[in-house]
Amino acid sequence: KFITDRIMFCDTLYEYMESDAQQDTLNSTITLRSDAFYGVNSSEGTLKCYIGISSYSPMYVTINVGSGLDAMITAYVSPDSTYVDPDTGMTREGTLFSFPIKATDKEMIITGAGNIKEINRLEELNVRDLTIAKAQKISKLNLSNSTRMTALALGNNYLLRELDCSMSYLLGTGTGGQTLNLSQCVNLRTVNVAYTKITGITFPTNSNLTEVNLDGSSIKNVNIDGAEFLRDVSIENCVEIQNYELNKCKKLTTIDVSASTVRQFVATNCENLVELNLSECKQMVSFDVTNSPNIHTLRMTGNTGSIMNDLNLYTMYNLRALYANNTTSLNKIRFPKYANQEETDKAIAGQPAQLWTALQTLDITSSSIKYIQYGSQEIVDGTCDMGQLENLTSLSFQNCTDVVNITNLNYTASSFANMFNGCAVLTNIQGTLTCSGTSVASMFYNCRALQHLDNLTLNLSKVTDANNAFRYCYKLKTPALKKLLDACGSSLQNIDTIAWMFHADGVLGSATDTT
């Protein structure tokens, strides 16, 4: 290291430069074009600018402004150097360079690129273009609010940890600048390209990424593989994003892509992922969370424009809550068949295996759900089988306009008000319902196809309110009324409430017709 440092010092002292073909030279250059003068009245003359440069070992750095015609400043930089920031008054590591900018679109060349650790105050230069591929050891780049920057060329910047290009509204509009290639920046921790025109980013595989901010950008695809320490990928207000794919992001616990234009969603092998929000993703086509078994909450509320019909959750063994209300195309849900992968393997081997019963909350109100099944095997002519959902604490089929046949429903709740309200094509319910509270109001409201309750056991001994329970149930026969009245027993005292159980034009008429 001593010899390398001495060679670097001598190269910069005597201005020795390798050829452009030499990719690993220490005394190479950083090239940029500055629009710091943009918006300045030319009659005001010269604009004074500052940047701070720190290095890994002692060297001389030269900055040429305007090909050296406007200014050429050479100064000594070492790890022991410090300067006072002219704006903040803070003491920082490195050497402060002061130079004039006399016009817009000024070229600047900075030597010693291969030994530079940080360049501070770059954002003050309003960078237009930046080629920094040969600054391999640079650790931080702040180009935020560079409102004239159109392109950024990085390379093997293997020590780069922080990249901030946020609010650089034109970044991505330059020739070849639409995609940001970070594939060789293997030590990146944070990336912020919020509110830029970047359409794609090539991330390094098996990186140290922790945070990625893409808010308001023109990003179309996110593909991150093996970012073990990743905590967050934010895509708020990304109106062009289509694909969102994460794999082997082991530290990631939550993902929120709600109200986005994501069409294909993948979060595979994310073993610590526990909560997933895909609500209001109205263009979603496919969904894959294979080998992410610890998800306990999945939100898909309001996917009204989605064309995704099947929701395959049969490897989500720890799922506790599913919110799929207000979805217009989703008609089949496949839950796990067995309690975990070990039990699944037992079943495959022909051994007794524990069934999966983990779900506690299921919200499918106002959805197009028709079938609920268990395991990956397709079941022809399936039903909405509730047999393995025995631990539910919250459930409603209100306005499930496509559900026809509900089987194995064994559910206890404090209220059954509106439980099946609006299930217009429902023909059969099989199971046992126990109400620990007082209301079954509008329980079967507008169940126009329901003809009987022969397969349903009702425990309603505490119910006092049955208002509109069978309103608009045109095909329901008298025994259904008797069954509900018997289940309520003496608790149902209000004759007016009973009378309004049925619509006046219904087959049953009023509750007084019980023959």
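Computed from a prediction, not measured in an experiment: that's the story for all the values here. (Residues numbered from 1 in each chain as written. Predicted model: local features only at pLDDT ≥ 70, side-chain atom pairs only at ≥ 80, totals over all residues. Heavy atoms only, no water.)

(A) Region of interest: the overall build of the protein chain. The helix and strand tally for the protein chain stands at four helices and 35 strands. In the protein chain, which comprises 515 residues, the proportion classed as buried is 49%. Within the structure as shown, the protein chain displays about 22,400 Å² of accessible surface, and the carbon and sulfur contribution to it stands at 46%. (Helix = DSSP H or I, 4+ residues; strand = E, 2+ residues; numbered from the N terminus. Buried < 20%, exposed > 50% of the residue type's maximum accessible area, 1.4 Å probe, protein only. Areas by Shrake-Rupley, 256 points an atom, 1.4 Å probe, with all protein chains shown as cover.)

(B) Looking closely at the pattern of salt bridges. Here the structure, examined in full by the defined rule, presents 15 salt bridges. Between D87 and R121 there is a salt bridge; the shortest N-O distance is 3.0 Å. In this pair, D87 sits in the loop between β5 (82-84) and β6 (91-93) while R121 sits in the loop between β9 (116-120) and β10 (127-131), placing the two residues 34 residues apart along the sequence. Residue classification places D87 among the exposed residues on the basis of a relative accessible area of 54%. A salt bridge links E240 to K220; the nearest nitrogen and oxygen atoms lie 3.1 Å apart. Of this pair, E240 sits in the loop between β19 (232-234) and β20 (243-247) while K220 is found in the loop between β17 (211-213) and β18 (221-225), placing the two residues 20 residues apart along the sequence. What makes E240 partly exposed here is its relative accessible area of 33%. The class for K220 is partly exposed, based on a relative accessible area of 33%. (Salt bridge = Lys/Arg side-chain N within 4 Å of Asp/Glu carboxyl O.)

(C) Expanded view of a nonpolar patch on the surface. On the surface, a cluster of nonpolar side chains totalling about 330 Å² of accessible area is made up of M167, Y169, L170 and Y195. Here L170 lies in the loop between β13 (162-164) and β14 (179-181). (Patch = residues over 30% accessible without salt bridge, like charges linked within 9 Å, V, L, I, M, F, W, Y side chains within 5 Å.)

(D) Up close: the layout of surface pockets. Estimates place the volume of the largest pocket at around 230 Å³. Surrounding the largest pocket, 13 residues form its lining, K337, Y338, T344, G375 and S376 being those nearest its centre. (1 Å grid on protein atoms, 1.4 Å probe; cavity = no way out; pocket = protein on both sides within 12 Å on 5 of 7 lines; lining within 4 Å. Points joined across faces, edges and corners; volume = space filled by probe spheres on them.)

(E) Molecular detail of the nonpolar core. Formed by 137 residues in total, the largest nonpolar core has its most connected members in F265, F335 and F420. Apart from residues lying up to four places away in sequence, F265 is in contact with Y244, I255, V257, L276, L278, M284, S286, F287, D288 and V289. (Core = buried A, V, L, I, M, F, W, Y, C linked by side-chain atoms within 4.5 Å. Contact = heavy atoms within 4.5 Å.)

(F) Layout of the side chain of N277. Within the secondary structure, N277 sits in strand β23 (residues 275-277). At a separation of 2.9 Å, a polar atom in the side chain of N277 contacts the side chain of S279. If near-sequence neighbours (up to four positions away) are discounted, N277 is found in contact with I255, D256, V257, S258 and R299. (Polar contact = N/O pair within 3.5 Å; in protein donor to acceptor, adjacent residues only side chain to side chain.)

(G) Region of interest: the sheet that holds strand β1 (residues 29-34). Spatial ordering of the open sheet is given by β4-β3-β8-β1-β10-β12, a layout of six strands whose pairing is mixed. This sheet does not close on itself; its edge strands, each paired only once, are β4 (71-77) and β12 (151-153). The mean angle between the axes of side-by-side strands here comes to 15 degrees, regardless of whether they run parallel or antiparallel. Here β1 runs beside strand β8 (residues 106-111); their pairing, made up of six bridges, is antiparallel. Bridging across to β8, I30 finds its partner in I110. (Pairing = 2+ DSSP bridges. Axes fitted to C-alpha atoms, helices over the stretch in contact; angles between N-to-C directions.)

(H) View of the packing of aromatic side chains. Summed over all chains, the structure comprises 11 aromatic pairs. Residues F444 and F470 carry aromatic rings whose centres are separated by 5.3 Å and whose planes lie at 5 degrees to one another, so their mutual orientation is stacked. Residue F444 is found in the loop between β34 (428-439) and β35 (456-459), and its partner F470 is found in the loop between β35 and α3 (478-488); the two are separated by 26 residues along the sequence. An aromatic cluster is present here, built from F397, F420, F444 and F470 joined pairwise through their rings. Sitting over the ring of Y56, K137 keeps its end group 5.7 Å from the ring centre. (Phe/Tyr/Trp six-rings, centres within 6.5 Å; stacked < 30°, edge-to-face > 60°. Lys NZ or Arg CZ within 6 Å of the ring centre and 35° of its normal.)

(I) How the structure looks around the pairing of strand β3 (residues 59-65). Among the seven residues that make up β3, six are buried, leaving the element largely enclosed by the rest of the structure. In terms of strand pairing, β3 meets β4 through seven bridges, oriented antiparallel. Paired with I63 across the two strands is I73, which belongs to β4. Pairing between β3 and β8: three bridges, direction antiparallel. Bridge pairing in β8 places V65 opposite M108.

(J) Region of the structure containing α3. Of the residues making up α3, those classed as buried are T478, A480, L481, L484, A487 and C488. Phi turns positive, to about 65 degrees, at G489, one or two residues after α3.

(K) Looking closely at the confidence of the model for the protein chain. Of the residues in the protein chain, 89% have a pLDDT of 70 or more, and the chain-wide mean is 88. Taken together, the stretch residues 19-24 has pLDDT below 50 and engages in six contacts with residues farther than four places along the chain or on a different chain. Note that residues 504-515 has pLDDT below 50 and, in this model, 24 contacts with residues that lie over four places away or in other chains. (pLDDT = per-residue confidence, 0-100.)

(L) Structural view of the side chain of E343. Looking at where E343 falls in the secondary structure, it is placed in helix α2 (residues 341-348). Apart from residues no more than four positions distant in its own chain, E343 is found in contact with Y338, P352, A353 and Q354.

(M) Region of interest: α2. Between a side-chain oxygen at the N-terminus of α2 and the backbone nitrogen of E342 the separation is 3.1 Å; the capping residue is N340. Where α2 terminates, the next one or two residues include G350, which has phi positive at roughly 85 degrees.

(N) Geometry of the sheet that holds strand β29 (residues 361-363). A sheet is described by the order of its strands in space; here six strands give the open sequence β21-β23-β25-β27-β29-β32, paired in parallel fashion. Two strands in the sheet have a free side with no partner beyond their single neighbour: β21 (254-256) and β32 (394-396). Neighbour to neighbour, the strand axes of the sheet diverge by 5 degrees on average, direction disregarded. As judged from the three bridges shared by β23 and strand β25 (residues 297-299), these two strands associate in the parallel manner.

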